[in-house]
Amino acid sequence: MITSQGVNIIYYVSHQVTRIFVLESYKRQSRSGFQFFTYSIIKFGAFKSIVTIVDGCGLNFFFFFLLLCPLSLSSEKHNIIQKPSQSHNPQLSVTSPATLRLFSGDSRHRVIFLSESSNFKVKKMVEALDLFLKIGLDKRTAENTIANNKVTTNLVAVINEANVTDGCERSTGNLLYTVATKFPTNALVHRPKLLEYVVSSKIKTPAQLEAAFAFLTVTGSDDLDVGKFEEACGVGVEVSSEEIEHTVDEMFEEKKSAILEQRYRTNVGDLFAHVRKKQPWADPKIVKQLIDTKLFELLGEKTAADNEKPVKKKKEKVVKVEEDKTKTTVEEEINPYLIFPAPEENYKVHTEVFFSDRPVLRACNSKEILEKHLKKTGGKVLTRFPPEPNGYLHIGHAKAMFVDFGLAKERGGGCYLRYDDTNPEAEKKEYIDHIEEIVSWMGWKPFKITYTSDYFQQLYDLAVELIRRGHAYVDHQTGDEIKEYREKKMNSPWRDRPISESLKLFNDMKNGLIEEGKATLRMKQDMQSDNFNMYDLIAYRIKFTPHPHAGDKWCIYPSYDYAHCIVDSLEDITHSLCTLEFETRRASYYWLLDALSLYQPYVWEYSRLNITNTVMSKRKLNRLVTENYVDGWDDPRLMTLAGLRRRGVTSTAINAFVRGIGITRSDGSMIRLERLEYHVREELNKTASRTMVVLQPLKVVITNLEPNSVIDLDAKKWPDAPNDDASSYYKVPFSNVVYIEQTDFRMKDSKDYYGLAPGKTVLLRYAFPIKCTEVVLSDDKKTVVEIHAEYDPFKKTKPKGVLHWVAEPSPGVDPLKVEVRLFDKLFLSENPGELDNWLDDLNPESKVIIPCAYAVPALKFAEVDDKFQFERLGYFVADKDSTPEKLIFNRTVTLRDNYGKATK
């Protein structure tokens, strides 16, 4: 390998040691007793280097360990020298026993000698590299492993324990590498046994190895039950190719619609995991081959659209929250609407639409069209919030409202509330009423309330004009045929039918003379486009269904892709703002408006609002509600705006949360739920009055207070309540029977515990210090039934612990009983929507009901939607299920502030 012959290797030393690379060399030329070798450096960052090695002693270098130069030098040629036995090169000068300087033009490179001990280490590393290559690791993995001392040590030990120093099959070597990096440290005693199974191919797949790790993690250093171990790891289980193929076929049948929709963007890893779940011991190579084959059979050759690069997902950057509450946060200071142009600037090119058979369309408004628009609007900003009335709004719609209504308000314009009611089968008046109520609750006032159905006649007339201009045709393909032709990028057989024929058929469609499903009107766009949203989208379809708003006048209804952009134009919308999933529709949007010579609004897409531990897909929300996983659309665990409202979240907090996130195009961001909770706490801390409630009462008898005595004390509604403002206080009775939380008492005290314990004193909030003098236990001698204590009427003691409490308002009368519902995250995983079995991820502790909590008497006057801070417990709101006989409170959020702490 490296023959030192008493001569030290020297190498380039950078200011920044970054990484070791192993490089193979070849002999380039020889002159003056020096051997020159050129090393092709592995790419580092964006640079490649060529390094010349000079060997003055005729040494043969097969491998060399190079400490890579800084990035600023990475594109240069660097010279690395070995000390010659004689001074053959006049350019070399010895400046110290351990240092040479090499002059290469005007640049000077520092060169040092390795010590003998370093030579030894290098030799060991080369030997380890040779060992790793013998077991079949690829060169890059071997090189990366050498750079990690811990993994190198483990892998060398594993290879020796497995007795494969002379090499093994590559598949076995990869498993050995996994053992070296993932073996549970608590079970090292069993590693040799596991290696026997690996080398003998009894354990031969990654799935078996992972199962072995799981089993050994539980076993630890205890004796190994070989039978159970082999059963857990599938030793001896052989899954035939036929069985694997059957499982793959079943999986494809189950997921066929999703695969056809996503095509080659389908996550193959998810498909693989699905098969592995049913056949954990199947050969992964066979599984992969079958999945690839089935994908090709189902989808055919990749299209240009399949090769489009998906938008990269970027992590949401949490905005730092300032501690100083006297100043507005950075989040509040930023004006998120500065990015949008003024209406008079809407003459610029919106987008370029590329066609396969005609020149590029550079969509923009002509001077005449823009002037006409500005004259109608007076130059005001007009936006629209266009929800479909087919479900309840969720927090994602709160962001849309903030963008649409907020921009119009900030610019002194107006925002339409437009119901996108093109599907008569899905719309309900319940949803329409809900949307109007929620928009108002969120603090927004529509400029005008409209319906897409208000424009059905104009939309029909424009469709006729589109046909006349040769840009639309009546088609008779079925839905499946349309999908198939789109996948193959083939024109419909009826695409080039005469304009007069399409006009007649479209009129027949309108008059109900054609059966439902037998004809559609399609836009004549570009079936060879790289954008699948230009594949002759449907403009009208037949539905013999009365419309909730338009009645039974129509039996043909426009599609979203046809109606949305036209109604934007008819309403003179200046800024058409939507989420990023609609970005690929931008070409179709502008193509249609250009084809009809209509005014073109400015379109801009922003990222969706995605929050952890919840789902916001309408389909998933509908399933949660209709299958009774939650208690209706306004269940406080849902991220519907009705649910958040019922939970006690204010619209002010939601808007502050949305403003803090900003209006960006960073798609795929997952915002932590804690960030929303931070804004909720900030708002409720200022607006929710304080009170006291005990959730799990523990009786405390004050032995030195007369049984019939009741002392009325003042308790603060607000932390900074002024002494001279009676309205900032409420009365709380103190009697000889009080109740504290069961969790605020322990039999054994400790330094870091501030609750009550035998012989210990604590302060009752707004009342007196009490000292535990006796503990009454139940018959099991473990459960605490009652505590006896003495109070300090003169408050001479100053205990550190402060407890909330509730007392009997009069002798023998229980405190006010209330029901408390503790709500938590609905799902355990941060992104349950990505899970196959997402319903299995529901949090069983997302709703905990405490039927009999004790509250102070003042709380009996609470009304629905009144908000409180239950001291030391969290923020709560009076629920609509409350009755005069029993109040019910929902927990809005706890007092913890993980987001605030993380951002300070």
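Computed from a predicted structure; not experimentally measured.

Thresholds, definitions, all that
Residues numbered from 1 in each chain as written. Predicted model: local features only at pLDDT ≥ 70, side-chain atom pairs only at ≥ 80, totals over all residues. Heavy atoms only, no water. Helix = DSSP H or I, 4+ residues; strand = E, 2+ residues; numbered from the N terminus. Buried < 20%, exposed > 50% of the residue type's maximum accessible area, 1.4 Å probe, protein only. Contact = heavy atoms within 4.5 Å. Pairing = 2+ DSSP bridges. Axes fitted to C-alpha atoms, helices over the stretch in contact; angles between N-to-C directions. Arc of directions from axis to C-beta. Salt bridge = Lys/Arg side-chain N within 4 Å of Asp/Glu carboxyl O.

Would you mind showing me how to read the environment of leucine 624 here?
For leucine 624, the position within the fold is in helix H21 (residues 618-626). On the accessibility criterion, leucine 624 (0% relative accessible area) is buried. In this structure, the C-alpha to C-alpha distance between leucine 624 and leucine 839, residues 215 residues apart in sequence, is 8.5 Å. Excluding its chain neighbours within four sequence positions, the residues that come into contact with leucine 624 are Val615, Tyr629, Val630, Leu638, Leu826, Phe827, Trp838, Leu839 and Leu842.

Is there a simple way to think about the sheet that holds strand E33 (residues 847-855) in this case?
What links the strands of a sheet is backbone hydrogen bonding, and the strands pair in either a parallel or an antiparallel sense. The mixed open sheet is built from 7 strands, whose spatial order is E21-E34-E35-E36-E32-E33-E22. Edge positions in the sheet fall to strand E21 (689-691) and strand E22 (693-694), since each has one partner strand and no second. Pairing between strand E32 (residues 816-823) and strand E36 (residues 887-893): 4 bridges, direction parallel. Within E36, the position partnered with valine 818 by the bridge is leucine 887. In the packing of helix H24 (residues 673-687) onto the sheet, the strands contacted are E21, strand E34 (867-870), strand E35 (874-878) and E36, and the crossing angle to E36 comes to about 125 degrees.

Sorry if this is basic, but what is going on with helix H10 (residues 268-278) here?
Spacing of three or four residues puts side chains on the same side of an α-helix, whose turn is 3.6 residues. Among the residues of H10, those classed as buried are Leu271, His274 and Val275. Buried residues in H10, looked at end-on, bunch into an arc of 95 degrees, giving them a common side. Of the surrounding elements, those touching the buried residues of H10 are helix H8 (241-254), helix H9 (256-262) and helix H11 (284-299).

Explain the pattern of salt bridges to me, please; I cannot follow it from the model alone.
If charged atoms from side chains of opposite charge come close, those side chains can pair. On inspection of all chains with the given rule, the structure shows 54 salt bridges. Residues aspartate 749 and lysine 760 are paired through a salt bridge, measuring 3.1 Å at the closest nitrogen-oxygen approach. Here the residue aspartate 749 occupies a position in the loop between strand E26 (737-741) and strand E27 (761-764), and lysine 760 occupies one in the loop between E26 and E27, the gap between them amounting to 11 residues. Here aspartate 749 falls in the partly exposed class, since its relative accessible area comes to 43%. With a relative accessible area of 16%, lysine 760 lands in the buried category. When salt bridges with common partners are traced through the structure, they connect Asp634, Arg646, Glu819, Arg821, Asp879, Lys880, Asp881 and Lys886 into a single cluster.

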